[in-house]
Amino acid sequence: MFKKSVEAKAQQRLSGADRKKLKRTIKERFPNASDSDLDTLIPPKVEITVSKHPNRLLIYSLEGGLPMFFDVDSRGTNVFPTVFALWKVPHLLPAFILKGGEVSRYVIGGADLMFPGISIDSNGLPEFVAGESWAVKVPGNPAPIAVGSTCMSTSEALKAGLRGKALKINHHYRDALWESAEGRYVPNDGFLEDVVFEDPSSQQCDDVSHADGDAMNHNGDADKGELEAGMDADSPSKMQEIPNVVQQGVVEEQSTLSVEDVDALLDKCLLQAFYTTLKDKDLPIAGSTLWANHILPCRPPGTVLDIKKSSHKKLSKWLQSKTSDGLISSKEDKHKKEIMVLTVNRKHPDYTSFKPEKQQVEKNEQTVDPANEADINRMMEVVEIYKPSVHVNPIFTSVGADTRQLYSASEASEVVFAYVEKENLVRPTNKAVVVLDAILCDALFKGAIKKGSTYPSEIHKKDLAPTFINRMQAHHQVTRGKESVVRKGGLKPLQILTERRQGNKKVTKLSGMESFLIDAEPLASELQKKFACSTSVTELPGKKGHEVLVQGGVIDVLARYLVEQYGIPKKYIEVLDKTARK
């Protein structure tokens, strides 16, 4: 919703009457909010401003501070809290818990939340109805990352096999609304540039309670004051010392580390990652990905690794110091606004003198195995599936199959052959022929036979399943990593077009990548590095989706890159070279 910059048409202070009305609306919309919560969200002695935007959007902010609520249509029926409000009162909304921190990339990238990305505990899917306001959290991090409206009820979701869209995201961390706040901040160290992981300062692990989002400590009991959901990111926490000796999984008693010890531990984990998990083929790599998928898993078991406790304070400054030392080469990606590690100097004295430890590294539940990270994130599968139509519904009903489910071609074939067996329609004298009764005949041919023509009385077994499937509604399911989506109809191909501009200059346009669960912005940044050329992203007029423009005629190499790196089958790539025409 907030993909573009937030520019107000008008802004004014909220009157006393409107202020009371807003508090009543919040109390009605969010029954979990106590009176003290309301005072936290709307402090009594702080002025509230309301800014009016196009499409009747209203944004309520603390004067000179942060946006706290937004009203989608100015009617008071679609009021949502911002992430800043949820960071102050995390229990304001029930929350869906993601399967892992890696899934947060899609949400922060602007995608809606799909059911396959939600973690469901032993109690099953929580109760909700369509249109309810829910938040989104990462396991092990009490601070929500997004807020939106449910797209269906619990019963509808179960009937759909937990497929499709669960939550339409209205606002998320790092969108234009978050960026517009002058005093914007992040609640804890788990919030990185383009992904959110567990909060490393508290080492807590979410118990996947979708109703209240309560958290538990990942490594054992912790000070209850440190586990409060509204804890300030800068508040002191009890950090345990990393043991010098770890033998047979027994961790020595820990105490507070000095800044120098933290610096040494960071360097040790970085070199351990270079030796054990990070390969040259993984480069270049974003600093946040290096930290989450390689450095953190290489810390000794039972330890805390907090960059803020070091002398560098920030991940980017630490990596820049390693660049100055000559251990790595890096540069800032202006598109992603984060540091990228380009190469590792494996001849550097620090690298050659380091002896990696043979130990079991601690793996977080949400952390993807670094060796398989690229394959998992890029792995794509396209499956053609079918939904029963009015023509074939009687067949499904007769054999007790659910007409509201989606079926693969083999599953649909089993249904029609189950009906044939149930009604004993195979011709006794020729087992390869099926005799059509009135129900099966109508399912296969009603409306498809010209008027005046005679309906068939039998069909060969080899033609039965294709004819039956052809009478169903075609759908397709695209799965990439942990994200999956089901859409009606066939999958539209990704289009690559090269054309000539201003003399002999060529540009290559890429569109339709959203159908393959590929975000345009990250792809443009990736292509910019791979092809050493400028790229840009624009919204397609009158259509849903974006177009990535790449300078130069890279049509063939781009098509090959998408096949090799993203697993897109060649049949789903449509190539058109306008520069070849005379």
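Looking at an unreviewed UniProt entry, the chain carries the name SUI1 domain-containing protein, with the source organism given as Centaurea solstitialis.

> When you look at the side chain of His476 in this model, what are you seeing that I'm missing?
Following the sequence through the fold, His476 ends up in strand β22 (residues 473-480). From its side chain, His476 meets the backbone oxygen of Gly489 in a polar contact 2.8 Å long. In this structure, His476 is in contact with Val383, Ile385, Val485, Val486, Arg487, Lys488, Gly489, Gly490 and Leu491, ignoring residues within four places of it in sequence.

> Sorry, what's going on with the nonpolar core here?
Looking at soluble globular proteins, one finds that nonpolar side chains tend to be buried together. If you look at the biggest cluster of nonpolar residues, it comprises 61 residues, and the most contacted ones within it are Phe69, Leu113 and Ile145. Looking at which element gives the most residues to this core, the answer is helix α3 (residues 83-88), with five residues. The next biggest cluster of nonpolar side chains, apart from the first, holds 31 residues, and it includes Leu265, Cys269, Trp291 and Val341.

> Even after reading the chapter, I still don't get the side chain of Gln272, so can you show me in this structure?
Along the polypeptide, Gln272 turns up in helix α7 (residues 259-276). Contacts of Gln272, omitting those with residues within four sequence positions, involve Thr277, Cys298, Phe354, Pro356 and Glu357.

> Looking at this model, I keep getting lost on the sheet that holds strand β5 (residues 79-81). Mind explaining?
Spatially, the five strands line up as an open sheet ordered β1-β2-β3-β4-β5, and their pairing is antiparallel. The open sheet has two free edges, formed respectively by β1 (10-13) and β5, since each of these has just one partner strand. With direction set aside, neighbouring strand axes in the sheet form an average angle of 20°. Pairing of strand β3 (residues 58-62) with strand β4 (residues 67-71) involves four bridges; the strand directions are antiparallel. By the bridge assignment for β4, Leu58 is matched with Asp71. In the packing of helix α1 (residues 16-29) onto the sheet, the strands contacted are β2 (48-52), β3, β4 and β5, and the crossing angle to β5 comes to about 80°.

> I keep staring at unusual backbone geometry and nothing clicks. Help me out?
Only a minority of non-glycine residues have a phi that is not negative, and only a minority of peptide bonds are not trans. Following Leu283, the chain continues to Pro284 via a peptide bond in cis, the omega torsion being -5°. Looking at where Pro284 falls in the secondary structure, it is placed in the loop between α7 and β15 (285-286). Unlike most non-glycine residues, Asn55 shows phi in positive territory, near 65°. Turning to its location among the elements, Asn55 is positioned in the loop between β2 and β3. For Asn55, a relative accessible area of 72% puts it in the exposed group. Within the chain, Leu162 stands out as a residue other than glycine whose phi angle is a positive 55°. Of note, Leu162 is situated in the loop between α5 (154-159) and β10 (165-172).

> Whenever I open this one, the packing of aromatic side chains confuses me. Can you help?
The geometry of two aromatic rings is summed up by the distance between their centres and the angle between their planes. With the rule as written, the count across this model stands at 20 aromatic pairs. Taking the centre distance of 5.5 Å and the plane angle of 80° together, the rings of Phe84 and Trp87 count as edge-to-face. Placement of the pair is Phe84 and Trp87 together in helix α3, with a separation of three residues, close to one helical turn. Ring centres of Phe96 and Trp134 lie 4.4 Å apart, and the angle between their planes is 20°; this geometry places the pair in the stacked category. In this pair, Phe96 sits in strand β6 (residues 95-97) while Trp134 sits in strand β8 (residues 133-137), placing the two residues 38 residues apart along the sequence. The pair Phe96 / Trp134 is uniform in exposure class, with both members buried. Over the ring of Phe80 we find Arg29, and its NZ or CZ is 5.5 Å from the ring centre.

> Help me understand the pattern of salt bridges in this model?
Side chains that carry opposite charge are capable of pairing whenever their charged atoms lie near each other. A complete count under the given rule lists 16 salt bridges for this structure. A salt bridge links Asp39 to Lys23; the nearest nitrogen and oxygen atoms lie 3.4 Å apart. Remark: Lys23 occurs in helix α1 and Asp39 occurs in helix α2 (residues 35-41); sequence separation between them is 16 residues. Residue classification places Lys23 among the partly exposed positions, given a relative accessible area of 23%.

> Any chance you could explain the packing of helix α8 (residues 287-295) against helix α9 (residues 315-325) here in plain terms?
Between α8 and α9, the least distance of the axes is 10 Å, while the angle of their chain directions is 90°. Regarding the angle of α8 to α9, the classification is roughly perpendicular. Mapping the contact onto sequence places Gly287, Ser288, Leu290, Trp291 and Ile295 in α8 and Leu315, Trp318 and Leu319 in α9. Partitioning the contact of α8 with α9 into residue classes produces six nonpolar, two polar and no charged.

> Please explain α8 as it appears in this structure.
Residue pairs three or four apart in sequence face the same way in an α-helix, which turns once every 3.6 residues. Of all nine residues that make up α8, nine are buried, and the element is covered over most of its length. Of the positions making up α8, those classed as buried are Gly287, Ser288, Thr289, Leu290, Trp291, Ala292, Asn293, His294 and Ile295.

> Explain the sheet that holds β8 here, please?
To summarise the sheet geometry, strands pair through backbone hydrogen bonds and adopt either a parallel or an antiparallel arrangement. As summarised here, the arrangement of the five strands in space is β6-β8-β9-β10-β7, forming an open sheet in which the pairing is mixed. The open sheet has two edge strands, β6 and β7 (113-114), and neither has a second partner. Examined bridge by bridge, β7 and β10 share two bridges and lie antiparallel to one another. Across the sheet, Met114 pairs through a bridge with Lys165, a residue of β10.

About the thresholds
- Residues numbered from 1 in each chain as written.
- Predicted model: local features only at pLDDT ≥ 70, side-chain atom pairs only at ≥ 80, totals over all residues.
- Heavy atoms only, no water.
- Helix = DSSP H or I, 4+ residues; strand = E, 2+ residues; numbered from the N terminus.
- Polar contact = N/O pair within 3.5 Å; in protein donor to acceptor, adjacent residues only side chain to side chain.
- Contact = heavy atoms within 4.5 Å.
- Core = buried A, V, L, I, M, F, W, Y, C linked by side-chain atoms within 4.5 Å.
- Buried < 20%, exposed > 50% of the residue type's maximum accessible area, 1.4 Å probe, protein only.
- Pairing = 2+ DSSP bridges.
- Axes fitted to C-alpha atoms, helices over the stretch in contact; angles between N-to-C directions.
- Phe/Tyr/Trp six-rings, centres within 6.5 Å; stacked < 30°, edge-to-face > 60°.
- Lys NZ or Arg CZ within 6 Å of the ring centre and 35° of its normal.
- Salt bridge = Lys/Arg side-chain N within 4 Å of Asp/Glu carboxyl O.
- Parallel < 35°, antiparallel > 145°, perpendicular 65-115°, else oblique.
- Nonpolar A, V, L, I, M, F, W, Y, C, P; charged D, E, K, R; others polar.

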